[in-house]
Amino acid sequence: MKPLLLALAVLAVAAPASGQTPPAQAPVAAAPAPPYGAPIGLEAAQGLIDRAVEAASARGFRMAFAIVEPSGQLVAFGRMDDVQYGSINVAQAKARSAALYRTATSVSEERLTGGRTALLALDGMVPVAGGVPIIVGGRVIGAIGVSGASSAQDDEIARAAIAAALGG
C-alpha cells in the first residue's frame, strides 16, 4: 500500500510541472522601417503607372493606380476604363497608408487578421493589401496603391509594377 501511495504522491507533484506552460518568449523586435528619401518625381511616378496598367491588362484586370510621395500626397494617378469608381479612393488610401507607415498594407492586413485590432485606431491606416512603399537606395521615396481586383491581386500588380519600373 505504501508503494502505491508513494507513486501517487510522486505523480501528484510531477503532474503540475508537466502541465505548466513554458515562460513566454520576448517578442522579436521588428526591423526598423527604412528612412524617407527625396520624393518620387512625376516622370518616375507615371512610369510606375504605365507598368501597372501593363501588368493589369495582361491579367485582364480593370484597376485604379495611385502614386504618392512620402508625405502621402498624390503625385500621379491613373485608372483603367470601366474600373469601379470606389477603387479610385481605395487606391489613393492604400498608397497613402503605405507611405505614411513605411510598410506594405499587406503586412498591416496580416497583423490585423492576427489580432492587432489597434491598427484600426491609426489615422490613415488601410490594412488591406495593395499598397506598397517605393524604396530606392534604401529610402522610401513614395508608395503605390492599387485597387480593382482582390486585395492579393492588387498587391501582386503593385509589386509587379515596382519590379518592372525599378528592377526590384
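Figured I'd write up the structure that's included with this text.

What counts and how
Residues numbered from 1 in each chain as written. Predicted model: local features only at pLDDT ≥ 70, side-chain atom pairs only at ≥ 80, totals over all residues. Heavy atoms only, no water. Buried < 20%, exposed > 50% of the residue type's maximum accessible area, 1.4 Å probe, protein only. Helix = DSSP H or I, 4+ residues; strand = E, 2+ residues; numbered from the N terminus. Pairing = 2+ DSSP bridges. Salt bridge = Lys/Arg side-chain N within 4 Å of Asp/Glu carboxyl O. Contact = heavy atoms within 4.5 Å. Phe/Tyr/Trp six-rings, centres within 6.5 Å; stacked < 30°, edge-to-face > 60°. Lys NZ or Arg CZ within 6 Å of the ring centre and 35° of its normal. Axes fitted to C-alpha atoms, helices over the stretch in contact; angles between N-to-C directions. Core = buried A, V, L, I, M, F, W, Y, C linked by side-chain atoms within 4.5 Å.

Another aspect to go through is the pairing of strand 4 (residues 139–147). Counting buried residues in strand 4 gives 8 out of 9 residues, a clear majority hidden from the surface. The pairing of strand 1 (residues 64–68) with strand 4 spans 5 bridges and is antiparallel. Opposite Phe65, over in strand 4, you have Val146 as the bridge partner. Here 6 bridges tie strand 3 (residues 131–136) to strand 4, and the two strands are oriented antiparallel to one another. When the sheet's bridge partners are listed, Ile135 is paired in strand 4 with Val140. Linking strand 3 back to strand 4 in an antiparallel pair, the connection comprises 2 residues, with Gly137 at a positive phi of about 60 degrees.

The next subject is the pattern of salt bridges. A full pass over the atoms with the stated rule returns 5 salt bridges. Note that Glu54 is salt-bridged to Arg51, the shortest N-O span being 3.0 Å. Of this pair, Glu54 and Arg51 are both found in helix 2 (residues 42–58), 3 residues apart, which corresponds to roughly one turn of the helix. We classify Glu54 as partly exposed; its relative accessible area is 45%. Here Glu156 and Arg59 are joined by a salt bridge, their closest N and O atoms 2.5 Å apart. With a gap of 97 residues between them, Glu156 in helix 5 (residues 151–166) and Arg59 in the loop between helix 2 and strand 1 connect regions that are remote in the sequence.

Attention shifts here to unusual backbone geometry. Phi is positive for Asp82, which is not a glycine, with a value near 65 degrees. For Asp82, the location among the structural elements is in the loop between strand 2 (74–79) and helix 3 (86–101).

Here Thr105 is to be found in helix 4 (residues 105–113). With sequence-adjacent residues up to four places away left out, Thr105 is seen in contact with Lys94, Ser97, Ala98, Val126, Pro127, Val128, Ala129, Gly130 and Gly131.

Moving on to the packing of aromatic side chains. Scanning the entire structure with this criterion turns up 0 aromatic pairs. Lying across the ring of Tyr36, Arg102 places its NZ or CZ 4.5 Å from the centre.

This brings us to the sheet that holds strand 1. Taken in spatial order, the 4 strands of this open sheet run 2-1-4-3, and their pairing is antiparallel. Each edge of the sheet is formed by a strand with only one pairing partner; in this case those strands are strand 2 and strand 3. Put simply, the sheet's adjacent strands are angled 20 degrees from each other on average, direction ignored. Across 5 bridges, strand 1 lies against strand 2 in antiparallel orientation. The partner of Ala64 across the bridge, within strand 2, is Arg79. Strands strand 1, strand 2, strand 3 and strand 4 of the sheet are contacted by helix 2, whose axis makes an angle of about 25 degrees with strand 2. Helix 5 rests against strand 1, strand 3 and strand 4 of the sheet, and its axis sits at about 15 degrees to strand 3.

The biggest cluster of nonpolar side chains holds 22 residues, and the ones touching the most others in it are Met63, Phe65, Ile67, Ile144 and Ile157. Among the elements of the structure, helix 2, strand 1, strand 3, strand 4 and helix 5 are those that each provide at least two residues to this core. Broken down by element, the residue count for this core peaks at 6 residues, all from helix 2. Ignoring any residue separated from it by four or fewer positions in sequence, one finds Phe65 in contact with Ile49, Ala52, Val53, Ala56, Ala76, Phe77, Gly78, Met80, Ala91, Gly145, Val146 and Ile157. Counting 8 residues, the second largest nonpolar core, distinct from the first, contains Ala64, Ala91, Ala98 and Ala99.

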